[in-house]
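# Working through the structure, step by step
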Amino acid sequence: MSENNRADKHVKLFIPGPTEVRPEVLDAQTNWMIGHRMPECLDLIGRIRPKLGKVFMTEKRVLINASTGTGFMEAAIRNVANKKVLNCVNGAFSARWRDITVACGRDNAVLDAEWGQPILPEAVAERLASGEFDAITVVHNETSTGVTNPIEAIAQAVRQAPNGEEIMILVDSVSSMAGVAIPFDAWDLDVLLTSSQKAFALPAGLAFAAVSDRAMAKAKTVPNRGWYFDFLVLEKYLLKNQTPATTAVSLLYALDKQLDDMMAEGMENRYARHLAMRDRTLEWAESRGLTAFAPEGYRSPTVTCISNDNNYDIPALNAFLREKGMIISNGYGALKGKNFRIAHMGDLQMADMEELFAAIDEFLGQ
Ligand SMILES: *Cc1c(COP(=O)(O)O)cnc(C)c1O
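Judged by pairing direction, the sheet is mixed, and its seven strands sit side by side in the order S2-S10-S9-S8-S5-S3-S4 without closing on themselves. Across the chains shown, the open sheet's two edge strands, defined by having one partner strand only, are strand S2 (61-65) and strand S4 (108-112). Taken pair by pair, the neighbouring strands of this sheet meet at an average axis angle of 20°, ignoring direction. The pairing of strand S3 (residues 85-89) with S4 spans five bridges and is parallel. Across the sheet, the residue bridging to Cys-88 is Leu-111, located in S4. Relative to S3, helix H5 (residues 92-103) is tilted by about 155°, and along the sheet it contacts S3, S4, strand S5 (135-139), strand S8 (168-172) and strand S9 (191-195). The sheet strands contacting helix H6 (residues 121-128) are S3, S4 and S5, and the helix crosses S4 at an angle near 155°.

Have a look at this one:
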């Protein structure tokens, strides 16, 4: 049935989200509907929890909610920031976190780095020396520029600040979690959030966030956390394998299946596959006289942003690719035309990348 519906107009997504979802995972969503208070759903969430913990590399809670990752960005601010937030901004998504901080009425300051450059731990340490901050926001993988920020070193710099033990380290890993190892416990992070539709390779509509004991304790002291995204309410239900409001049951079925497949692949293999696809993408770009936008050492394992040094017509390239059933991304916002982005995340394989490069080469007449 659905196989036929899906057969036409399949455009394979090499964009940095939403990403390709395998047919088996799409099919998992067609299980019979169940109530979110029924034992079947409690079993489902009970199966999911330990597997999610492995992906987040944590023994702590991983909250699940029916929203996208942006919901948990807002939740992180509302739950654990009530003094002053340092927003590290080096691209579009880190700028969103600054906007959310301001929209939630929190005092803030911005540590800016040029788009395409990483946030450096030294700069973070310098800003935190004043002792006035109680939270820091940073994006692990800036999808708009293809830059991966050095979160481990940034977290160390935070903990060494005068009031480092009180500072909440809030990390957006929307376009990296499940494609890159991000050890939540070992790096001593406080909130680490993601969406279902990026490197998890699921449809959009679920968000996950690992939350530290430190952050849970802080939340208890912060008034006006709201309700839908209140960490305390979410945890209370999670402990019963439930969610406070109706959850996206169909997506949970897909998540359960996808987590099984991730465990079968092995997370280390999954991370290695992403790195190999990144390296192949860089090699292809270099062979065409193109360079990565991000500096060496900070190039994302999940999305490569390539400077459009040869002035390719990106919309024309994408129109050509679409005919072949593929699509890539133009540069983000002001970077449109100046660069283009190729995602190599989720369940894409090296063979998919080769197919893409062959098609681009054909467009370029090489
Ligand atoms: C896609 C993305 C977001 C936004 O995620 P939603 O699922 O649309 O809320 C936030 N941060 C990063 C780094 C992203 O790539």
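With that settled, consider the pattern of salt bridges. Counted by the stated rule, this structure contains 29 salt bridges. Where Glu-265 meets Arg-270, a salt bridge forms, and the shortest distance between an N and an O atom there is 3.3 Å. Asp-361 is the salt-bridge partner of Arg-288, the closest N and O atoms lying 2.7 Å from each other. Here Arg-288 is found in the loop between helix H11 (267-287) and strand S11 (303-307), whereas its partner Asp-361 is found in helix H13 (residues 350-364), with 73 residues between them in sequence. Connected via shared salt-bridge partners are Arg-22, Glu-24, Lys-257, Asp-261, Glu-265, Arg-270, Arg-273 and Asp-347.

If you check the domain split of the chain, you get domain 1 (3-20 + 266-364) and domain 2 (25-262). When each unit is reduced to the centre of its C-alpha atoms, the spacing between domain 1 and domain 2 is 26 Å. Contacts between domain 1 and domain 2 engage 27 residues on the former and 32 residues on the latter. Around 2400 Å² of area is buried between domain 1 and domain 2 when both sides are counted, 60% of it from carbon and sulfur atoms. The largest share of the area that domain 1 buries against domain 2 comes from Tyr-271, Tyr-298 and Tyr-332, three residues that together contribute 26% of it. Taken together, domain 1 and domain 2 are joined by zero salt bridges. Put simply, domain 1 and domain 2 have 12 residue pairs in polar contact (both at pLDDT 80 or more) between them. Those elements that provide at least two residues to the side of domain 1 that touches domain 2 are H11 and S11. Counting residues per element, the side of domain 1 that touches domain 2 draws most heavily on H11, at four residues. In terms of residue class, the side of domain 1 that touches domain 2 is built from 14 nonpolar, seven polar and six charged.

Note the cis peptide between Gly-17 and Pro-18, where omega equals -5°. Positive phi values are uncommon outside glycine, yet Met-57 reaches one of about 55°. Position of Met-57 relative to the elements: it lies in the loop between helix H3 (39-56) and S2.

The subject of this paragraph is the environment of Pro-16. For Pro-16, the position within the fold is in the loop between strand S1 (12-13) and helix H2 (23-28). By relative accessible area, Pro-16 is classed as buried at 6%. The spacing of Pro-16 and Val-89 is 73 residues in sequence and 19 Å in space, taken between C-alpha atoms. Residues within four places of Pro-16 in sequence aside, it is in contact with Thr-143, Lys-198, Val-303, Ser-329, Arg-341, Ala-343 and Met-345.

Another aspect to go through is the packing of aromatic side chains. Per the counting criterion, the structure on display carries six aromatic pairs. Taking 5.5 Å as the distance between ring centres and 55° as the angle between the ring planes, the aromatic pair formed by Phe-320 and Phe-363 counts as tilted. Taken together, the residues Phe-320 in helix H12 (residues 314-323) and Phe-363 in helix H13 connect sequence positions 43 residues apart. Among the aromatic residues, ring-to-ring pairing joins Phe-72, Tyr-228 and Phe-229 into one connected group. Of note, Lys-198 hangs over the ring of Phe-93, and the distance from its end group to the ring centre comes to 5.3 Å. We note Lys-240 situated over the ring of Tyr-237; from NZ or CZ to the ring centre the distance is 4.5 Å.

A few words on the sheet that holds strand S14 (residues 339-343). The three strands lie next to each other as S11-S14-S13, forming an open sheet whose pairing is antiparallel. The open sheet has two edge strands with one neighbour each: S11 and strand S13 (329-330). The pairing of S11 with S14 spans five bridges and is antiparallel. Each residue of the ladder has a partner; that of Thr-304, found in S14, is Ile-342. Taken strand by strand, H11 contacts S11 and S14, and its axis lies near 15° from that of S11.

Moving on: the site of the ligand. Looking at the ligand, there are 14 residues lining it, with Thr-68, Thr-70, Thr-143, Asp-172 and Lys-198 nearest. Within the side chain of Thr-68, an N or O atom sits 2.6 Å from an oxygen atom of the ligand. A distance of 2.7 Å separates an oxygen atom of the ligand from a polar side-chain atom of Gln-197. Elements with a minimum of two residues in the shell around the ligand: helix H4 (69-80) and H5.

Let us look at H3. In this model H3 runs 26 Å from its N-terminal to its C-terminal C-alpha over 18 residues, within 8% of the 26 Å that 1.5 Å per residue would give. A maximum bend of about 25° is found in H3 at Arg-49, where proline Pro-50 lies one to four positions downstream. Along H3, the residues that are buried comprise Cys-41, Leu-44, Ile-45, Ile-48, Lys-51, Leu-52, Gly-53, Val-55 and Phe-56. Taken together, the buried residues of H3 touch S2, S9, strand S10 (207-211), helix H10 (249-265) and H11.

Cut-off values and rules
- Residues numbered from 1 in each chain as written.
- Predicted model: local features only at pLDDT ≥ 70, side-chain atom pairs only at ≥ 80, totals over all residues.
- Heavy atoms only, no water.
- Pairing = 2+ DSSP bridges.
- Helix = DSSP H or I, 4+ residues; strand = E, 2+ residues; numbered from the N terminus.
- Axes fitted to C-alpha atoms, helices over the stretch in contact; angles between N-to-C directions.
- Contact = heavy atoms within 4.5 Å.
- Salt bridge = Lys/Arg side-chain N within 4 Å of Asp/Glu carboxyl O.
- Domains from an automatic or database assignment.
- Buried area = accessible area lost by both parts, 1.4 Å probe.
- Polar contact = N/O pair within 3.5 Å; in protein donor to acceptor, adjacent residues only side chain to side chain.
- Nonpolar A, V, L, I, M, F, W, Y, C, P; charged D, E, K, R; others polar.
- Buried < 20%, exposed > 50% of the residue type's maximum accessible area, 1.4 Å probe, protein only.
- Phe/Tyr/Trp six-rings, centres within 6.5 Å; stacked < 30°, edge-to-face > 60°.
- Lys NZ or Arg CZ within 6 Å of the ring centre and 35° of its normal.
- Near = heavy atom within 4 Å.
- Expected span 1.5 Å × (residues − 1).
- Bend = angle between axes of the 7 residues up to and from the residue.

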